[in-house]
Amino acid sequence: MILPVVAYGHPVLKRVAEEIEPNYPGLQQLISDMFETMYHSEGVGLAAPQINKSIRLFVIDADPFQETYPEAKGFKKVFINPEIVEHSEETWTFREGCLSLPDMNEEVVRPSKITINYLDENFVEHEEEYDGICARVIQHEYDHLEGKVYVDRVAPMRKMMLKNKLRNISEGNVLVDYKMIFPAKKRR
Ligand code: NI
């Protein structure tokens, strides 16, 4: 089932999400719905807060990046209760987009390498090191669990310039071809 994606400005995107237990009701269905929603909206990652669930879960399929970034090939994973336990001092600037902020993208500076500890969809624990585009997508999705979106990481001056654009997104004044929940939509 395709789920509506919550737009920028919704309080769920500012909340720190909660860890889940293996008996979380309907978890496998939820994971499958999140992949379906992500593919439908042509995203490479989707975090549970973006479908209005404040839990520590995100899905990634970075395969569409494989032409430019070979490490993205077959990078499809489910991350439950993740924790980034290490990151490099070295950074990398990359232009990010987000399904909750349609029709915009901005350059964001992030650590180029990370180590992440997480549970997969079967609650098996992993600790893995990533760099390149995989580290980038993971950090973007991880931010959603921490109540952050990528525009929170652009320079304050730049964010100020994006103010109108961001207000338009939260009010639903934006062209988008997937279903969304706009927190500040006015009745007309
Ligand atoms: Ni996002």
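Preceding this section is the structure that the text describes.
Residues numbered from 1 in each chain as written. Predicted model: local features only at pLDDT ≥ 70, side-chain atom pairs only at ≥ 80, totals over all residues. Heavy atoms only, no water.

Peer 1: Sorry, what's going on with the layout of surface pockets here?
Peer 2: Empty space among the atoms becomes apparent when a probe as large as a water molecule is rolled across them. There is about 430 Å³ of room inside the largest pocket. Looking at the largest pocket, it is lined by 23 residues, and the ones nearest its centre are Val44, Glu96, Gly97, Cys98 and Leu99. Breaking the lining of the largest pocket down by element, the ones donating at least two residues are β5 (91-98), β6 (101-111) and α2 (132-145). Residue composition of the lining of the largest pocket, grouped by class: 10 nonpolar, seven polar and six charged. Put simply, the second largest pocket is a space of about 230 Å³. Residue assignment for the lining of the second largest pocket shows that the elements contributing at least two residues are β4 (76-87), β6 and α2. Residue classes in the lining of the second largest pocket are distributed as five nonpolar, two polar and five charged. (1 Å grid on protein atoms, 1.4 Å probe; cavity = no way out; pocket = protein on both sides within 12 Å on 5 of 7 lines; lining within 4 Å. Points joined across faces, edges and corners; volume = space filled by probe spheres on them. Helix = DSSP H or I, 4+ residues; strand = E, 2+ residues; numbered from the N terminus. Nonpolar A, V, L, I, M, F, W, Y, C, P; charged D, E, K, R; others polar.)

Peer 1: Could you clarify how one ought to interpret helix α1 (residues 27-40) in this entry?
Peer 2: Because each turn of an α-helix spans 3.6 residues, side chains separated by three or four positions in sequence point in the same direction. In this model, α1 (14 residues) spans 20 Å end to end at C-alpha, consistent with the 20 Å of a helix rising 1.5 Å per residue. All of the buried residues along α1 are Leu27, Leu30, Ile31, Asp33, Met34, Phe35, Thr37 and Met38. Tucked into the core, α1 has its buried residues touching β1 (5-6), β2 (45-47), β3 (57-61) and β4. Just downstream of α1, Glu42 is the residue with a positive phi angle, here 60°. (Expected span 1.5 Å × (residues − 1). Buried < 20%, exposed > 50% of the residue type's maximum accessible area, 1.4 Å probe, protein only. Contact = heavy atoms within 4.5 Å.)

Peer 1: How should I be thinking about the pattern of salt bridges in this particular structure?
Peer 2: Oppositely charged side chains are able to pair whenever their charged atoms sit close together. What the rule picks out here adds up to nine salt bridges. Among the ionic pairs, Glu128 bridges to Lys77, the shortest N-O distance being 3.8 Å. With Glu128 in strand β8 (residues 125-131) and Lys77 in strand β4, the pair connects residues that are 51 residues apart, well separated along the chain. A relative accessible area of 25% places Lys77 in the partly exposed class. With a shortest N-O distance of 2.9 Å, Arg110 and Asp143 are connected by a salt bridge. Of the two residues, Arg110 sits in strand β6 while Asp143 sits in helix α2, which places them 33 residues apart along the sequence. By relative accessible area, Arg110 is classed as buried at 3%. Given the relative accessible area of 4%, Asp143 is considered buried. Overlapping salt bridges bring together Glu96, Arg110, Arg136, Asp143 and Arg153 as one network. (Salt bridge = Lys/Arg side-chain N within 4 Å of Asp/Glu carboxyl O.)

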